[in-house]
Structures are given as structure tokens and as C-alpha cells.
Amino acid sequence: MDQADMIFYGGLHLEGKMTEIFEKLERSKPTVAVSRDIDTSVLRSGENAGGTQYDPHIWFNVKHWISATETISDALANYDPAHGDLYKNNADKYIQQLRELDEEVRMVIAEIPESGRVLVTAHDAFGYFGEAYGIKVMGLQGISTAAEYGSKDVSELRDYLVDNKIKAVFVESSIPTKSMEAVIAGAKEKGHEVEIGGELYSDSLGEPGSDADTYIKMVRHNVSTIINALK
Ligand SMILES: [Zn+2]
């Protein structure tokens, strides 16, 4: 980061303790939180031991990622005004793709029968997704991957799955699957079969060359995993 000309980061405490480093670097070079232009009135609150004020998983509402794209493009044009038009044109093209993606996600999620439109995941990364695309979201642990979950969380989630006959739960690339396995085993004891619907990307993209190595591909991967398990 010392050698970078500019630095972009998520913000909203996504980077945890590293946030202080970014704030220091801001004095010596352009250092931009890509979430900075999103109106706080549309942010979800997120409280946990790490002191998160807002839920930082904004990229799961594609509209918020359009805002981030504009923020990045403006910052680049400010830093390098000679190429301002280039940044702006590229951003416009990308934003058009994101608008189409946003519409596509809304249509696909609407194909799931309403009673089954419940997304159960390990940590609360999908709050913005649920809000934007009309699917109820339940997480086993809190907003941060660092938070602990207790046996009460496991039994409450198990009962919800059994009572509502939810077919599938999802594991995440950034979280061990152990926690979800306990929930599934508990539901089975109560006579309800739940399957692991697949792995969702919650906090990062897939490896280069995977089907989730860009933002748009990552969103599509998640949405097709969800629809295949729940429809
Ligand atoms: Zn997360």
C-alpha cells in the first residue's frame, strides 16, 4: 500500500482493524472508501462485538455497487483528469451491465414460490440482498465472521426450518460448514430433511478462472445456486 498511487477499500468497517491504517494513509495519498457516497439512510444497521455501526455487505444490492462504481470513477478522474472521459465512459458501460444484472436478479428470485423464499446462511452477509430482491434472510451468526454463535442460535434456526419446511440452507466460502451441519442434523432428528443448497460467495470473489472471478459472475453464481436449491 505504501507503493500504491491510490487505494480503494470497502469501508463501513468491512476491513475491521485495518480501517485505521486506511485513515492514516488518507493523509498521504488518495484513499477512498467505495461505500462513502451511499446515503446512510439506506444502510442497514449492524451491531456486534467488533463495533460495526452499519452492515458493510453493500455489494449484495447491485444498486449500491452502482454507487460504488460512480465513486471509483469520480476518484480516478480527480486523480488523473487527463483521462477523465475514459474513466467516465468505462464506468457508464459497466453501470449499464449492473442495471441489467439488478433487474435479472429481481426476476430470478421472484421465481421461487413465496413461502420458500427464505435464504438461510451462516453469517448475516445477505441482508441487503434480501431487502433488495424480496427474500427473507436468516443468518446463524451475526454480521461479522468473527462473531460466535451459540447453541440457542442453532436450536432456534433448526426450529424455524422444521416449522416452515425450508428445503435448503447455504454455506459460505468464508465460513466453516460445521455450524450449518449442526443445524441440519438437528432438523433431521425432528424428522425434517434439509440439504446444503450449495456454497455462496459472501465476502470475496472466487479464485481467478472460477465461475465467480468477477463481481457480475459472483452475483450470478449466488443467484443460480439459490434458485436451484429453493425453486
Ligand atoms: Zn461478511
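Above this text you will find the structure in question.
The notes below deal with the structure included here. Computed from a predicted structure; not experimentally measured. (Residues numbered from 1 in each chain as written. Predicted model: local features only at pLDDT ≥ 70, side-chain atom pairs only at ≥ 80, totals over all residues. Heavy atoms only, no water.)

Moving on, we get to the overall build of the protein. If you tally the helices and strands in the protein, you get seven helices and six strands. Put simply, the protein runs from its N terminus to its C terminus through helices and strands in the order β-α-β-α-α-β-α-β-α-β-α-β-α. A compact globule built from 231 residues should have a C-alpha radius of gyration of about 17 Å, and the protein, at 19 Å, falls within 12% of that. With the principal axes as the frame, the protein shows a C-alpha extent of 65 × 35 × 35 Å. (Helix = DSSP H or I, 4+ residues; strand = E, 2+ residues; numbered from the N terminus. Rg over C-alpha atoms; globule rule 2.2 N^0.38 Å.)

A separate point is the packing of aromatic side chains. Counting across every chain of the model gives seven aromatic pairs. With centroids separated by 4.1 Å and ring planes inclined at 10 degrees, the aromatic side chains of tyrosine 9 and phenylalanine 22 adopt a geometry described as stacked. One end of the pair, tyrosine 9, is in strand E1 (residues 7–9); the other, phenylalanine 22, is in helix H1 (residues 19–25), with 13 residues separating them in the sequence. Accessibility assignment for this pair places tyrosine 9 and phenylalanine 22 in one class, buried. Between phenylalanine 60 and phenylalanine 126 the ring centres are 4.5 Å apart and the planes differ by 25 degrees, which places this aromatic pair in the stacked class. Residue phenylalanine 60 is found in the loop between strand E2 (31–33) and helix H2 (62–79), and its partner phenylalanine 126 is found in the loop between strand E3 (118–123) and helix H4 (127–133); the two are separated by 66 residues along the sequence. For the pair phenylalanine 60 and phenylalanine 126, one class covers both residues: buried. (Phe/Tyr/Trp six-rings, centres within 6.5 Å; stacked < 30°, edge-to-face > 60°. Buried < 20%, exposed > 50% of the residue type's maximum accessible area, 1.4 Å probe, protein only.)

On to the environment of glutamate 195, then. Its place among the elements puts glutamate 195 in strand E6 (residues 195–200). It is 50 Å that separates the C-alpha atoms of glutamate 195 and aspartate 85, two residues lying 110 residues apart in sequence. When neighbours within four sequence positions are excluded, glutamate 195 is seen to be in contact with Lys167, Ala168 and Val169. (Contact = heavy atoms within 4.5 Å.)

At histidine 13, a residue that is not glycine, the phi angle is positive and equals roughly 65 degrees. Relative to the helices and strands, histidine 13 resides in the loop between E1 and H1. Its identity is not glycine, yet lysine 165 carries a phi of approximately 50 degrees, on the positive side. One can find lysine 165 in the loop between helix H5 (151–164) and strand E5 (168–172).

On to the pairing of E3, then. Burial analysis of E3 places six of its six residues in the buried class, which makes it a mostly covered element. Regarding the hand of the β-α-β motif, the stretch spanning E3, H4 and strand E4 (residues 136–141) is right-handed. (Right-handed = clockwise from strand over helix to strand, strands pointing away.)

Once that is clear, we can look at helix H7 (residues 215–230). Spanning 16 residues, H7 covers 23 Å between terminal C-alpha atoms, matching the ideal 22 Å at 1.5 Å per step. Among the 16 residues of H7, 12 are classified as buried, and the element is accordingly described as predominantly covered. Taken together, the buried positions of H7 are Tyr215, Ile216, Met218, Val219, His221, Asn222, Val223, Thr225, Ile226, Ile227, Ala229 and Leu230. Lining the buried residues of H7 we find H2, helix H3 (84–109), E3, H4, E5 and E6. (Expected span 1.5 Å × (residues − 1).)

Right, let's get into empty space enclosed by the protein. If a probe as big as a water molecule is rolled over the atoms, it shows which places are left empty. All told, the structure shown has one cavity of 30 Å³ or more when counted by the stated rule. Looking at the largest cavity, its volume works out to about 50 Å³. Taken together, Trp59, Phe60, Val62, Phe126, Phe129, Tyr133, Val219, Asn222 and Ile226 make up the full set of residues lining the largest cavity. In terms of residue count, H7 provides more of the lining of the largest cavity than any other element does, three residues in total. Per-class residue counts for the lining of the largest cavity are eight nonpolar, one polar and no charged. (1 Å grid on protein atoms, 1.4 Å probe; cavity = no way out; pocket = protein on both sides within 12 Å on 5 of 7 lines; lining within 4 Å. Points joined across faces, edges and corners; volume = space filled by probe spheres on them. Nonpolar A, V, L, I, M, F, W, Y, C, P; charged D, E, K, R; others polar.)

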